[in-house]
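# Geometric and topological summary
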Amino acid sequence: FPSHDRKEVGTQLHQAIQEHIELNEVKVETQYVTEITNALKSLMLFKKECPHIKLQKAEIKLTSSTLGLNGTTDVLANDGQLCIGDWKSGKCGDDIKPPIYDEYIHQVACYTKLYNEVYSAEIKKAWIVTLAKDAIAYNLREVSQEEIEGSFNEVILPLLKIWKYTHKKESA
């Protein structure tokens, strides 16, 4: 897939998951029928194998005036405690599960910190689910509070500082 197509598959998948969570229905009207259908079947497998993770609300828009950041968290869930979830789509290829990359941890850490700031919450963990587009499979990774704090403080905040510095120079 060219990168534009990968992005479009991801966007359409997020919309389908949001419909499933909020309306308990899904319509697959896309030119990427196979990829979206596989990913949705992978979601159903995840839900069947992880019934303790209850999906509550999808696509929550967040804005931090303190950090100057905006984001949209994929899902608020509860597995005995509130947690932030992030959906990814990927290919298994020759593996039995699609991969979870380190940058996904940084992204979900940022969403968790944003959510906590905006809603005065104390969410202490997150998870990442990569749904396969080329098979019916998923990969689940829980992200601990220690990982959230480390990723946010050691990766996100320095990157934000660089971004603000470079954009301040451009606008001067």
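For the structure given in this document, a descriptive report is provided here. Because the structure is predicted, anything quoted here is derived from the model rather than measured. (Residues numbered from 1 in each chain as written. Predicted model: local features only at pLDDT ≥ 70, side-chain atom pairs only at ≥ 80, totals over all residues. Heavy atoms only, no water.)

## Remarks on the side chain of T112
Put simply, the rule reads: Helix numbering and strand numbering both begin at the N terminus, where a helix is a DSSP run of H or I of at least 4 residues and a strand a DSSP run of E of at least 2. Contacts are assigned to residue pairs that have any heavy atoms within 4.5 Å of one another.
With respect to the element layout, T112 can be found in helix α3 (residues 102-119). Look past the residues within four positions of T112 in its chain and what remains in contact with it is I84, I123, A126 and I148.

## Points about α3
Turn by turn, an α-helix covers 3.6 residues, leaving residues three or four places apart pointing in a common direction. The criterion, for reference: For a helix, the expected span equals 1.5 Å multiplied by the residue count minus one. Each residue is assigned to one of three classes by its accessible area relative to the maximum for its type, calculated with a 1.4 Å probe on protein chains only: buried under 20%, partly exposed between the two thresholds, exposed over 50%.
Compared with an ideal rise of 1.5 Å per residue, which puts 18 residues at 26 Å, α3 spans 26 Å between its outermost C-alpha atoms and is within 8% of the ideal. Buried within α3 are the following residues: Y104, I105, V108, A109, C110, Y111, T112, L114, Y115 and N116. S120 occupies a position one or two residues after α3 and carries a positive phi of about 45°.

## Side note on the pattern of salt bridges
Defined as follows: For this analysis, a salt bridge means a side-chain nitrogen from Lys or Arg found within 4 Å of a carboxyl oxygen belonging to Asp or Glu.
Counted according to the given criterion, the structure contains six salt bridges. One salt bridge in this structure joins K125 and D79, with 2.6 Å as the shortest N-O distance. Linking K125 in the loop between α3 and β4 (126-132) with D79 in the loop between β2 (69-78) and β3 (82-90), this pair joins segments that are 46 residues apart in sequence. Taken as a pair, K125 and D79 share a single burial class, namely buried. Two residues, D86 and K88, come together in a salt bridge whose shortest N-O distance is 3.4 Å. Since its relative accessible area comes to 1%, D86 is described here as buried. With a relative accessible area of 15%, K88 lands in the buried category. One salt-bridge network, held together by shared partners, links D79, K125 and E142.

## Let's talk about the sheet that holds strand β5 (residues 138-143)
For clarity, the threshold we go by: Strand pairing is assigned whenever DSSP detects at least two bridges linking the two strands. Note on geometry: axes are C-alpha line fits, over the in-contact stretch for helices, and angles between N-to-C directions span 0 to 180 degrees.
With respect to topology, five strands assemble into an open sheet ordered β1-β2-β3-β4-β5, the strand pairing being mixed. Among the strands making up the open sheet, the edge pair consists of β1 (54-64) and β5. Between one strand axis and the next, the sheet turns by 30° as a mean value, whatever way the strands run. Here helix α2 (residues 33-49) sits on the sheet and contacts β1, β3, β4 and β5; the angle it forms with β4, its principal contact strand, is near 135°. Across the sheet, α3 is in contact with β1, β2, β3, β4 and β5; its angle to β1 comes to roughly 80°.

All quantities given are derived from atomic positions and should not be read as evidence of function.
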